[in-house]
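Spelled out from the first residue to the last, the chains are:
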Amino acid sequence: MSTVDRWKIAVFGVLVVSVPALAGCDASPSGQAYQQPSASAELVAQADAAPTPRLEWGPCDGPGLAGYQCAVANVPLDYAQPNGPTLPLAVLRQAATDPARRVGTLFTAVGGPGGSAFDSARDGELVPGELSRRFDVVTFDQRGIGRSSQVRCFANTDEQQRFWLNSWQPPANAEQERAAERGSRELAAGCAANDGALIAHLTTVDAARDLDLLRRAVGEPKLTYRGGSYASYLGEVYGALFGARVRALQLGAMIDPEAYTNDSSTDIANTAVGTEQVLDEFFRLCTQAGQPRCAFAGEDVRARDRALLDRLRQGAIVVGQGERAVSVSYGEVVQAHAIMLYDAQHGWPALAGLLAELERGADGNADTVREVLAAAPFSFDFLDSFTAITCADGTFGRNPEQWPVTGREFAGTAPTYAEFWLYLRQPCAVWPTPEQGYPQRYTGPWTLRSDVPALLLNNRFDPVTPLTSAKRAQQEMGNARLVVIDDGYGHDPSGDCARRLVEHYLIDLRLPDAGTSCRADRAPFTE
């Protein structure tokens, strides 16, 4: 089995030093909140006024879902009208395998925003080991995603495919920068034209209130929740609004909720710098491992990588010869460059293989390049949902023509990744914000007022949600304990040490001692 075959990317897209306001001096929020001090109480009261959904569990429809039960929860489209039009949420349950020792229901969510819980469930158990024995595990496609009223920004799938296949993300030159701006305007207009009623109600506050209705629907007096990356933000929002209803919050790959919500410029810059720092580790460990463990090992790997990217900015690189040759663009490589750092065990060797074949050019293996690039892309539905939810939650300037200037500023500290993370959010600069803004948008404070502190986990070298964000999240939540996987690489803080801590916490409500840290089970390039 090849490295890419074994590589399963957990697409926890988080677009995360203080920097100039995003897109220039006009930095009014695209989703401006109109809140009074009692706003959080009003948001909770609106959810409490909604009827409890009735879940009728039955077999799940679709490949790879035979071991689960599924239901639909009807929740308010607009919580300001709790008895008004509803939105169907697709819900999935994995029954506890040791029902005699069942603790209760563990809710989970998928990152992104834009990842489908149903797609994730097809990979196997929702949670591993003792948690699957002791809990019914319930997850759902968040509103605007997958089976829960997927956002539609195009008239049909052919238009959607043409748009995303021809988008310049990130742009390589001035012509592509202009095309990216036009594309951002086209996407925002398409979302408004095709799904305007839905996109007004896709904030994470809406999703957190949906989660509280699901808690009520399964009969749990308090919420037990586990979520990573963007799903950590969902947990942070829930905790800030419904802290007294929290039994346990176990969050990982942490988002800084203050920056993510109120300072998107800093959030994006921090992510780009963090990705750049992990790339340095990729180069260091690749050199240390040598060939054949790291296919790109050799002299000055960073300089050779930079040379490849500079060459790609001038035009595509053709790998292989004849009918099997493949032409590879700058945008394709930068996206793969970022996404493959998520998974240190399989993605890092795959990235090394991609770079080695690009360097070989006409003498390279085109099939290897195709295989790696095919593993990296986001789905088109993911990108539509990601855009709609991100633009509703964040704070963005309203002048997309300034994106190239901001990108060059960011590139001073993150030359490889600044524009990649930045341009994914360009549509937010022209987003069709509802006329009255997003009155349900929550902007803090983020204090968790629960009986039991939250347990937070983060890898030391996370390419998407850097450790600095986890430390800020801990400070902002207050009632939280952070455990760092000291030599952890990638976007999933895992391993035997982390697993044991999570099980003790979620099952027995036992927190690790302050200052506890973990060691990773394996280092990159050791297989």
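Attention now goes to the overall build of the protein. When helices and strands are counted, the protein shows 19 helices and 12 strands. What you see for the protein is a C-alpha radius of gyration of 22 Å, in line with the 24 Å of a compact globule of 527 residues. Principal axes of the C-alpha set define a box for the protein whose edges measure 65 × 50 × 45 Å. By residue count, 59% of the 527 residues in the protein fall in the buried class.

Turning our eyes to something else, we now look at the packing of aromatic side chains. Summed over all chains, the structure comprises 16 aromatic pairs. For the ring pair Phe 154 and Phe 163, a centre distance of 5.2 Å and an interplane angle of 45° mean the geometry is tilted. Across the pair, exposure class does not vary: Phe 154 and Phe 163 are buried alike. Members of the aromatic cluster, each reached through a chain of ring pairs, are Phe 282, Phe 283, Trp 348, Phe 461, Tyr 489 and Phe 525. When the ring centre of Phe 296 is taken as origin, the NZ or CZ atom of Arg 304, which lies over that ring, is 4.1 Å away. Just above the ring of Phe 461 sits the side chain of Arg 460; from NZ or CZ to the centre is 4.5 Å.

Attention shifts here to helix α14 (residues 366-375). Residues Ala 366, Val 369, Val 372 and Leu 373 constitute the buried set of α14. Relative to the axis of α14, the buried residues are bounded by an arc of 130° and lie together on one face. Its side-chain oxygen 2.9 Å from the backbone nitrogen of Asp 367, Asn 365 forms the N-cap of α14.

On to the environment of Val 484. One can find Val 484 in strand β11 (residues 480-489). With 394 residues separating them in the primary sequence, Val 484 and Ala 90 have C-alpha atoms 34 Å apart. Setting aside chain neighbours within four positions, we find Val 484 in contact with Asn 458, Arg 460, Leu 467, Thr 516, Ser 517 and Cys 518.

Attention shifts here to the packing of helix α10 (residues 264-289) against helix α11 (residues 301-314). For the pair α10 and α11, interaxial distance at closest approach is 9 Å and the crossing angle is 120°. When the interaxial angle is binned, α10 and α11 end up oblique. Of α11, the residues touching α10 (which contributes Glu 276, Leu 279, Asp 280, Phe 283 and Thr 287) are Val 301, Arg 302 and Asp 305. Per-class residue counts for the contact of α10 with α11 are 3 nonpolar, 1 polar and 4 charged.

A few words on the sheet that holds strand β5 (residues 135-140). Strand order in the open sheet formed by 10 strands is β1-β2-β3-β5-β4-β6-β7-β10-β11-β12, with mixed pairing between adjacent strands. On the outer flanks of this sheet lie β1 (58-59) and β12 (517-518), each paired with one strand and no other. Pairing analysis gives 2 bridges linking β11 to β12, with the strands arranged parallel. Bridge assignment links Ile 485 to a residue of β12, and that residue is Cys 518. Running at roughly 125° to strand β2 (residues 69-76), helix α7 (residues 204-217) makes contact with β2, β3 (86-94), β4 (104-108), β5 and β6 (223-228) of the sheet. Against the sheet, helix α19 (residues 496-508) touches β4, β5, β6, β7 (246-252), β10 (454-461), β11 and β12, its axis set at about 165° to β7.

Nonpolar side chains tend toward joint burial in soluble globular proteins. Residues Tyr 225, Phe 282, Phe 296, Trp 348 and Trp 421 are the most contacted members of the largest nonpolar core, which totals 137 residues. If you tally residues by element for this core, the top one is α10, at 10 residues. For Phe 282, the residues in contact, after removing those within four places along its chain, are Leu 341, Trp 348, Leu 351, Ala 352, Leu 355 and Phe 525. In this structure, Cys 70, Phe 118, Val 137 and Cys 518 belong to the second largest nonpolar core, which totals 28 residues.

Our next topic: the state of the cysteines. Applying the stated criterion across every chain, the model contains 5 disulfides. Bridging Cys 391 to Cys 428, the disulfide has an S-S length of 2.0 Å. Judged by the sign of its S-S torsion, about -85°, the bond between Cys 391 and Cys 428 is left-handed. Here Cys 391, found in helix α15 (residues 380-393), pairs with Cys 428, found in the loop between α17 (418-423) and β10; they are 37 residues apart in sequence, far enough to count as distant.

Parameters at a glance
Residues numbered from 1 in each chain as written. Predicted model: local features only at pLDDT ≥ 70, side-chain atom pairs only at ≥ 80, totals over all residues. Heavy atoms only, no water. Helix = DSSP H or I, 4+ residues; strand = E, 2+ residues; numbered from the N terminus. Rg over C-alpha atoms; globule rule 2.2 N^0.38 Å. Buried < 20%, exposed > 50% of the residue type's maximum accessible area, 1.4 Å probe, protein only. Phe/Tyr/Trp six-rings, centres within 6.5 Å; stacked < 30°, edge-to-face > 60°. Lys NZ or Arg CZ within 6 Å of the ring centre and 35° of its normal. Arc of directions from axis to C-beta. Polar contact = N/O pair within 3.5 Å; in protein donor to acceptor, adjacent residues only side chain to side chain. Contact = heavy atoms within 4.5 Å. Axes fitted to C-alpha atoms, helices over the stretch in contact; angles between N-to-C directions. Parallel < 35°, antiparallel > 145°, perpendicular 65-115°, else oblique. Nonpolar A, V, L, I, M, F, W, Y, C, P; charged D, E, K, R; others polar. Pairing = 2+ DSSP bridges. Core = buried A, V, L, I, M, F, W, Y, C linked by side-chain atoms within 4.5 Å. Disulfide = S-S within 2.5 Å.

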